[in-house]
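Each chain is listed here by its residues.
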Amino acid sequence: MSVFDVLKERNFIQQMTHEDEIKELLEKEKVTFYIGFDPTADSLHVGHFLQLMVMAHMQRAGHRPIALIGGGTAMVGDPTGKTDMRKMLTKEEIFHNAEAFKRQMSRFIDFSDGKAILANNADWLLNLNYVEFLRDIGIHFSVNKMLTAECFKTRLERGLSFLEFNYMLMQAYDFLMLNKEYGCVLQMGGDDQWSNILAGVDLVRRKEGKQAYGMTFTLLTTSEGKKMGKTEKGAIWLDADKTPPYDFYQYWRNIDDSDVEKCLSLLTFLPMDEVRRLGSLKDKEINEAKKVLAYEVTKLVHGVDEAEKAKKAAEALFEGSGDLSNVPTSTITSNMLGSNLLDVLVKTGIIPSKSEGRRLITQGGLYVNDENVKDINAIVTEDMFRQGYMLLRRGKKSYNKIILQ
RNA sequence: GGAGGGAUACCCAAGUGGCUAAAGGGGGCAGACUGUAAAUCUGUUGGCUGGUGCCUUCGAUGGUUCGAAUCCAUCUCCCUCCA
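Residues numbered from 1 in each chain as written. Chains lettered and ligands numbered in written order. Predicted model: local features only at pLDDT ≥ 70, side-chain atom pairs only at ≥ 80, totals over all residues. Heavy atoms only, no water.

Visitor: Quick question: what am I supposed to make of the overall build of chain A here?
Guide: When helices and strands are tallied, chain A shows 18 helices and 13 strands. Overall, chain A is about 80 × 45 × 40 Å in size when its C-alpha atoms are taken along their principal axes. With an accessible surface of roughly 19,900 Å², chain A has 48% of that area assigned to carbon and sulfur atoms. Side-chain charges of chain A comprise 53 positive and 57 negative groups, with the mean position of each set lying 2 Å from the other. (Helix = DSSP H or I, 4+ residues; strand = E, 2+ residues; numbered from the N terminus. Areas by Shrake-Rupley, 256 points an atom, 1.4 Å probe, with all protein chains shown as cover. Lys, Arg positive; Asp, Glu negative; His and termini not counted. Charge placed at Lys NZ, Arg CZ, Asp CG, Glu CD.)

Below, the structure is given as structure tokens:
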């Protein structure tokens, strides 16, 4: 089974420039392809993870990925899918983010022995000469045509700066450079990148007279069409400091029933037979599938050890298996005994303010060692700590362990 | 460059001198129901305070007033039309 069929079966593929040629190419040759990542934050997130999965599938099949870090394009900012221009990042921020991206990517892609290439478009974009670029590249772009691109449509209503308008040219230029430098013939990306990818394919054809290809894959959205991987607290990050593995695991454990099969297919390497079996489970049974999903994705992103810990913690808290050693933990010192419980919780960052804590207690949502706290003025006492810790619960499923030191 | 319109809490949006910590909706949080799901229903949603109350907040700064999100001045940003 070729990687083309794998991607197809797992429902990655959304659009392609030349379906038959791409299929044949991927079956017969070792293809150098690229996916771009703009370093607009200091960690990759779940959306990027989907792209990394594609890269991994492709690499397993013997193709050569180029992970292109958009150190240059991030200076401009991709207007796609945004209703407003986002705040401009400084060179320093972008550089710092790019370094973080590099570190994280090497966990998913094997960059050894030239099996994959890590490039940064800052290397060629930052030193471009304006007039030369216009004459050389700009000549091939029709503004009329660009304006019809879906990615600019919404922005034409709200306002689009000339800066951002140029993003498409830069991304097209990237493809051209990678084609010349590494023989890269295929650009992949999220479906929102379709028009940018087409621009690159066109440019390679015009400048080099060579055929290039583009493919987009499914955006990771929930069944309600919202971007997946976002919570009220912000994005789900791949960085363990920004999203602890326990929280990461819980995110997937609590995914909608209707999204389970999709996620298993896109975000794990489980065989499709198994994916389909798990996805077809009904009612309570589907919780088994969610556990598998949470474990597998956490394993890929944070490693086996962290996945095991997150799983054990979940079992302890929700299934009473007793081993609480991996539950998210805060520490207090014994001089805090006798303090107001809410003060302690604010201090440890478990609740954001005392008002919110009071509200929580008033509404019956706070538990110490599974006992409902009814008194707003509850005091922290030593007998709350059994075997050195207290188990705190907010609402149904948010747990913290507090250790007395 | 000229004319006009706008900026309100996490988001959308009402409010044009005191009754406004600020309607309504969305989102969030909590409760009920459940399967750590969804849908539904109920409550809640600036901070401090046991409660009374106090403090900060309606783009920014300064002013008028007993009293300002609301009136005035200056500034910043956004939008529309004309050039």
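Let's pick the thread back up.
Visitor: Would you mind showing me how to read the protein's contact with RNA strand B here?
Guide: Taken together, the neighbourhood of RNA strand B is formed by 31 residues, with Asn254, Lys284, Ser355, Arg358 and Lys397 sitting nearest. Atoms of RNA strand B within 4 Å of the protein belong to the sugar or the phosphate in 70% of instances, the rest to bases. Contact distances for RNA strand B include 3.1 Å between a phosphate oxygen and a side-chain N or O atom of Lys284. Lys354 has a polar backbone atom sitting 2.9 Å from a phosphate oxygen of RNA strand B. Of all the secondary structure elements, the ones that give two or more residues to the surface near RNA strand B are helix 12 (245-253), helix 15 (286-302), helix 16 (304-319) and helix 18 (354-362). (Near = heavy atom within 4 Å. Polar contact = N/O pair within 3.5 Å; in protein donor to acceptor, adjacent residues only side chain to side chain.)

Visitor: So what exactly am I meant to see when it comes to the packing of aromatic side chains here?
Guide: Aromatic rings in a pair are described by how distant their centres are and how their planes are angled relative to each other. Applying the stated criterion across every chain, the model contains seven aromatic pairs. Between Phe152 and Phe165 the ring centres are 5.1 Å apart and the planes differ by 50°, which places this aromatic pair in the tilted class. Here Phe165 lies in helix 9 (residues 162-165) and Phe152 lies in helix 8 (residues 150-158), a separation of 13 residues in the sequence. Judged by its relative accessible area of 13%, Phe165 is buried. (Phe/Tyr/Trp six-rings, centres within 6.5 Å; stacked < 30°, edge-to-face > 60°. Buried < 20%, exposed > 50% of the residue type's maximum accessible area, 1.4 Å probe, protein only.)

Visitor: What exactly am I supposed to notice about a nonpolar patch on the surface here?
Guide: A contiguous nonpolar patch, built from Tyr130, Val131, Leu134 and Phe162 and spanning about 430 Å² of accessible area, is present on the exposed surface. For the nonpolar patch, the leading source of residues is helix 6 (residues 130-136), giving three residues. The residue Val131 is located in helix 6 in this model. (Patch = residues over 30% accessible without salt bridge, like charges linked within 9 Å, V, L, I, M, F, W, Y side chains within 5 Å. Salt bridge = Lys/Arg side-chain N within 4 Å of Asp/Glu carboxyl O.)

Visitor: Looking at this structure, I do not really get unusual backbone geometry. What am I missing?
Guide: Backbone phi values are negative for most residues with the exception of glycine, while trans is the configuration of most peptide bonds. The backbone phi angle of Asp113 is positive, close to 50°, even though this residue is not glycine. Assignment of secondary structure puts Asp113 in the loop between helix 4 (91-105) and strand 4 (117-120). With phi around 65°, Asp370 is a residue other than glycine that occupies positive phi space. On the secondary structure map, Asp370 appears in the loop between strand 10 (366-368) and strand 11 (371-372). Asp370 sits in the exposed class, given a relative accessible area of 51%.

Visitor: So what exactly am I meant to see when it comes to the pattern of salt bridges here?
Guide: Two side chains that carry opposite charge are able to pair once their charged atoms sit near each other. Scanning the model with the defined rule gives 21 salt bridges in all. Ionic pairing is found between Lys242 and Asp42, a salt bridge with its closest N-O pair at 2.6 Å. Here Lys242 is found in the loop between strand 8 (234-235) and helix 12, whereas its partner Asp42 is found in the loop between strand 2 (32-37) and helix 3 (46-60), with 200 residues between them in sequence. With relative accessibility at 36%, the residue Lys242 sits in the partly exposed group. The partner of Glu296 in a salt bridge is Lys299, with the nearest N and O atoms 3.5 Å apart. In this pair, Glu296 and Lys299 are both assigned in helix 15, three residues apart and thus about one turn of the helix distant.

Visitor: Looking at this model, I keep getting lost on the sheet that holds strand 6 (residues 213-217). Mind explaining?
Guide: Strand pairing in a sheet relies on backbone hydrogen bonds, with the paired strands running either antiparallel or parallel. Across the sheet, which stays open at both edges, the six strands sit in the order 1-6-5-2-3-4 with mixed pairing between neighbours. This sheet does not close on itself; its edge strands, each paired only once, are strand 1 (13-16) and strand 4. On average, adjacent strands in this sheet sit at an angle of 25° to one another, irrespective of strand direction. In this structure, strand 3 (residues 64-69) lies alongside strand 4, joined through four bridges in parallel fashion. Residue pairing in the sheet places Leu68 in a bridge with Ala119 of strand 4. Set on the sheet, helix 2 (residues 19-28) makes contact with strand 1, strand 5 (186-190) and strand 6; between it and strand 6 the angle comes to about 95°. (Pairing = 2+ DSSP bridges. Axes fitted to C-alpha atoms, helices over the stretch in contact; angles between N-to-C directions. Contact = heavy atoms within 4.5 Å.)

Visitor: Mind showing me how you'd approach the pairing of strand 13 (residues 398-404) here?
Guide: Consecutive side chains along a regular strand alternate between the two faces of the sheet. The buried fraction of strand 13 is high, at five of seven residues. In terms of strand pairing, strand 9 (residues 329-332) meets strand 13 through four bridges, oriented parallel. Within strand 13, the position partnered with Thr329 by the bridge is Lys401. With six bridges connecting them, strand 12 (residues 389-394) and strand 13 associate as antiparallel partners. Considered in strand 13, the bridge of Met390 is made with Ile402.

Note that all results are geometric; they support no functional claim without further evidence.
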